[in-house]
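Reading the structure
The residues making up each chain are set out below.
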Amino acid sequence: MQFLIGRAIFRQFNYCLSRNFSLKSIKNSQMSQQVSAAAAENANFFLNDSSTSGKALCFGFQQLATQCQEVAPLLDKIKREAPKFDLDVDTPGNGYRSFVIIFEALFKRCSSLCDLVKSQRSQVVFNLYKYSYIQDLKSWNEMIVSLNTFLEHLNTLLEWNEKDRVRCLFPSETHSSQELLDKARTIESYSFYGRHAAFQYCSSIESVLKGLLTIMAGYSDYYFSTSPHLWRVAKSLFMSTQYTLDAEHRARRIVHASQYATVDFCKSFWFLAESDLMKKVPDRICPAIRVNQLILIPPEPLQIDSTKCKPVNIPAPSAHGPIAPIQVRLLSAKGRPGMPGQNDYSEATVSDSLIIHCHGGGFVAQSSSSHETYLRHWAVALDVPILSIDYSLAPEYPFPRQLQEILFVYAWIQRNPSVAGTTAKKIIFAGDSAGANLMLGMTLWASDMNLRLPDGIFLAYVPLLVQFEPSPSRLLCLLDPLLPFGFMMRCLSAYAGQPDILPSHSGGRYSEADGRVKEIVDQINTTTSQESTESKTKHNTVIDPEQLDRLMAHSPADELDLFRVSSNPLMSPFLASDSALKKMPPISLLTIELDPCLDDSVEFAKRCRRLGCDIRLDILPGLPHGFLNFALLSREAKEGSKLCVKRIRELFKKCSDAAL
């Protein structure tokens, strides 16, 4: 009787659904309608199947059909409003569009699943795949539920914009991240790290990211275990196999590790790229280069001329620790006079150009070595020496130690350009992620000190706000496989070094007070290492790996209780004053559609254009934050690296044209 009642209810549901399709409401996206129709058709087929698997398939497809209909109106609204937040018609991209793209990718996968089941459901072989299809349906349905919650948050952001009468991806200061994320307690993150993790990226990247998630989950067993080393290794390898077979278990481990582990876990995992085995990869796979030399710069005070022809003293970096030599890596496709070991035999003449590079790694990990995979390609393609700086890492050395070291290297190379086989007539700054933030922050500092500025700046997927502003793209970190929300907050807190200090909201966002870089520099130079040690975030510690599986995921809003940083333009260049930005050299920004930092670049580019600055923005599809490190594994990532080379070459050309 219950089965007959359920059948009658479903027939009524199917009739209403068909009637809705016949109306073809303009509020529903075409793809969601197609998926809903295909799901309803499959559900109707399995309605007469009284087996456990048949009922599960019928229920799963019913859910899918219903949810596709439910998300359509709000998704359609977001899709209509999204173009209004683009930089221009030639550069489509912002956080609103990112979620539309994610839904489109999800609908394509769901449509393929519906078609696959329809083509096999009458065949005998279908019984072999029933369980897999049931799990697929469960995963997609859970994901749609979570993504629907994101749509509600995006709608809230749109309402804030309408209420405040602004057209900005970052809402006014009357609204906070806490206000938005307090509503995020219903977001279920597990599905984004499980069976269909990384589905939103191109296929070559998807497989890479799934592999990394499995490695991260397996590594957590090693990291948190207190057993002897060999046993930890063996268990980690065994559990990695388990996580490969059980994606849901992997998802729980990743979500809990990102929420409850300290920044030390992030550092330790990312430093796997620094292992002896990984260091051999560039030599075997990347293009051969003539010079790949580590150089230690002595920490001796320097003096260079300012743009006003007055000498400026550059002290050795000393914030948060003892004075120490600074390590840099010189990469060059050809040997040039003056380079280490190249005086007796040089393939080329002295270059008039130089790239100064800073690597990414969340301010807490990685080095020039782990970024050789693309730097070697750049050195060959551009035929320009590259000086990559191994700056000190947080949390041991928080802000501003990194900026002090980069400034010191910049002053040193101007005094000693021959060491890099260059005259340094043309200098381009380049960096990705955290390194990009540092390069722009250092340029602002150099400008305030009236030092020579670089002739151009290339920034890849740069975080321009070391704060969690409630922008659409920042919500992406709640489902990002490489930059989970917890990891991002821990890294930013480690770099800020002062998580217990509330941000200042006095005055306008772009007030001249925020732009008085000199006063800020004087302030940060007096910061002591003791203050940094006392303010380190002590987030929930994990006693053993199994404990991670027993924990309950907490709200993203809880993370913000531990995250308080000052509004400092050297830390968050987005907050620099108008007068400071007007002094900047040409800037080329490259970011990606699904980057949590996307809105930083879009709004920064808008602001710079309003000020008349020379700025360019590229937004690439299908790639994750940090894609340059995957250039050897993905054709799309390699093409992205080639675009970086093209943009850097254009910056050098602008410099040459300006000199004529």
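You'll find the structure just up there.
Now for a description of the structure that goes with this document. (Residues numbered from 1 in each chain as written. Predicted model: local features only at pLDDT ≥ 70, side-chain atom pairs only at ≥ 80, totals over all residues. Heavy atoms only, no water.)

1. So, the overall build of the protein
Quick note on the threshold: Think of it this way: any DSSP run of H or I at least four residues long counts as a helix, any run of E at least two long counts as a strand, and we number them from the N terminus. Accessibility here uses a 1.4 Å probe with only protein chains present; expressed as a share of the type maximum, an area under 20% marks a residue as buried, one over 50% as exposed, and anything in between as partly exposed. Here a residue-residue contact requires only that any non-hydrogen atoms of the pair lie within 4.5 Å. Here, Shrake-Rupley sampling with a 1.4 Å probe gives the accessible areas, and only protein chains in the shown set may cover a residue.
Regarding its fold elements, the protein presents 23 helices and ten strands. Here the protein holds 660 residues, and 60% of them are scored as buried. Nonlocal contacts in the protein, meaning residues at least 24 apart in sequence, comprise 82% of its contacts between residues at least 6 apart. About 27000 Å² of surface is accessible on the protein, with carbon and sulfur atoms providing 54% of the total.

2. Comments concerning the packing of aromatic side chains
Selection rule: Each aromatic pair joins two rings of Phe, Tyr and Trp (for Trp, the six-membered one) with centres within 6.5 Å, and gets the label stacked for planes under 30 degrees apart, edge-to-face for over 60, and tilted for any other angle.
Scanning the model with the defined rule gives 25 aromatic pairs in all. Where Y223 meets F265, the ring centres are 5.2 Å apart and the plane angle is 75 degrees; that geometry is what we call edge-to-face. Taken together, the positions of Y223 in helix α7 (residues 203-224) and F265 in helix α10 (residues 263-270) put the pair 42 residues apart, joining distant regions of the chain. On the basis of relative accessibility, which here comes to 26%, the residue Y223 falls in the partly exposed class.

3. Examining the nonpolar core
Note the cut-off: Definition of nonpolar core: a set of buried residues of the types Ala, Val, Leu, Ile, Met, Phe, Trp, Tyr and Cys, connected through side-chain atoms within 4.5 Å.
Core analysis: the biggest nonpolar cluster contains 198 residues, and F61, L64, L147, W378 and F604 have the highest contact counts within it. Here this core takes 13 residues from helix α5 (residues 130-164), the largest share from any one element. In contact with F604, other than residues within four places in its own chain, are L440, L464, P573, F574, L581, I587, L589 and I615.

4. A few points about the sheet that holds strand β8 (residues 456-460)
Filter applied, for reference: Pairing between strands is defined by DSSP: at least two bridges between the two strands are required. What counts as an axis is a line fitted to C-alpha atoms, over the stretch in contact for a helix, and the angles between N-to-C directions run from 0 to 180 degrees.
As summarised here, the arrangement of the eight strands in space is β1-β4-β6-β5-β7-β8-β9-β10, forming an open sheet in which the pairing is mixed. The two strands at the open ends of the sheet, each matched to only one other strand, are β1 (291-297) and β10 (615-620). Strand-to-strand twist across the sheet, computed as the mean angle between neighbouring axes with direction ignored, equals 20 degrees. Pairing geometry for strand β5 (residues 351-358) and strand β6 (residues 386-390), over four bridges, is parallel. Along β6, the bridge assignment pairs I355 with I386. Contacting β5, β7 (422-432), β8 and β9 (587-592), helix α15 (residues 434-448) runs over the sheet at an angle of about 130 degrees to β7. Lying on the sheet, helix α23 (residues 635-659) is in contact with β5, β7, β8, β9 and β10; it crosses β7 at an angle near 140 degrees.

5. What about unusual backbone geometry?
Residues A394 and P395 are joined by a peptide bond in cis, for which omega reads 0 degrees. Residue position: P395 is located in the loop between β6 and α14 (401-415). Of note, the amide linkage connecting F399 to P400 takes the cis form, showing an omega dihedral of 10 degrees. Relative to the assigned elements, P400 resides in the loop between β6 and α14. If you check the backbone angles, A198 has positive phi at about 65 degrees while not being a glycine. Looking at the element boundaries, A198 is found in the loop between α6 (177-181) and α7. For A198, a relative accessible area of 2% translates into the label buried.

6. Topic: α23
What counts is decided by this rule: Helix span, as expected, comes to 1.5 Å for every residue beyond the first.
Helix length check: α23, at 25 residues, gives a terminal C-alpha distance of 37 Å against a target of 36 Å (1.5 Å per residue), a fit within 8%. For α23, the full list of buried residues reads A637, G640, S641, L643, C644, V645, R647, I648, L651, F652 and C655.

7. Concerning the packing of helix α3 (residues 52-81) against helix α4 (residues 95-120)
Note the cut-off: Comment on the angle field: the value is read as roughly parallel under 35 degrees, roughly antiparallel over 145, roughly perpendicular from 65 to 115, and oblique elsewhere. Left-handed describes a crossing in which the near helix is turned anticlockwise from the far one by less than a right angle; the clockwise case is right-handed. Each residue is assigned to one of three groups, with Ala, Val, Leu, Ile, Met, Phe, Trp, Tyr, Cys and Pro labelled nonpolar, Asp, Glu, Lys and Arg labelled charged, and all others, Gly among them, labelled polar.
The N-to-C vectors of α3 and α4 enclose an angle of 155 degrees; their axes lie 11 Å apart at closest approach. The angle between the axes of α3 and α4 places the two elements in the roughly antiparallel class. For the pair α3 and α4, the crossing hand works out as left-handed. Only Y96, V100, F103, E104, F107, C110, C114 and V117 of α4 make contact with α3, whose side of the interface consists of F61, L64, C68, V71, L75, I78 and K79. Across the contact of α3 with α4, the residue classes tally to 13 nonpolar, no polar and two charged.

8. Notes on the pattern of salt bridges
Operational definition: Salt bridges are identified by distance alone: a Lys or Arg side-chain nitrogen within 4 Å of an Asp or Glu carboxyl oxygen.
As enumerated under the stated definition, the model contains 31 salt bridges in all. For D221, the salt bridge goes to R253, with nearest N and O atoms at 3.0 Å. With D221 in helix α7 and R253 in helix α9 (residues 247-260), the pair connects residues that are 32 residues apart, well separated along the chain. When its relative accessible area of 2% is taken as the criterion, D221 is described as buried. Where E636 meets R635, a salt bridge forms, and the shortest distance between an N and an O atom there is 3.3 Å. Note on E636: relative accessible area 22%, which makes it partly exposed. Relative accessible area serves as the criterion here: at 58%, R635 is assigned to the exposed category. Overlapping salt bridges, with partners in common, bring together R616, D618, R647 and E650 in one network.

9. Quick look at the environment of S332
The line we're drawing: Any pair of N or O atoms that falls within 3.5 Å is considered a polar contact. Within protein, one atom must be able to donate a hydrogen and the other to accept it, and sequence-neighbouring residues count only if both atoms are side-chain atoms.
The residue S332 is located in strand β4 (residues 326-332) in this model. Distance from S332 to W378, taken between C-alpha atoms, is 9.3 Å for residues 46 residues apart in sequence. In this structure, S332 is in contact with I289, R290, V291, M339 and P385, ignoring residues within four places of it in sequence. In terms of polar contacts, S332 uses its side chain to reach the backbone carbonyl oxygen of K334, at 2.6 Å.

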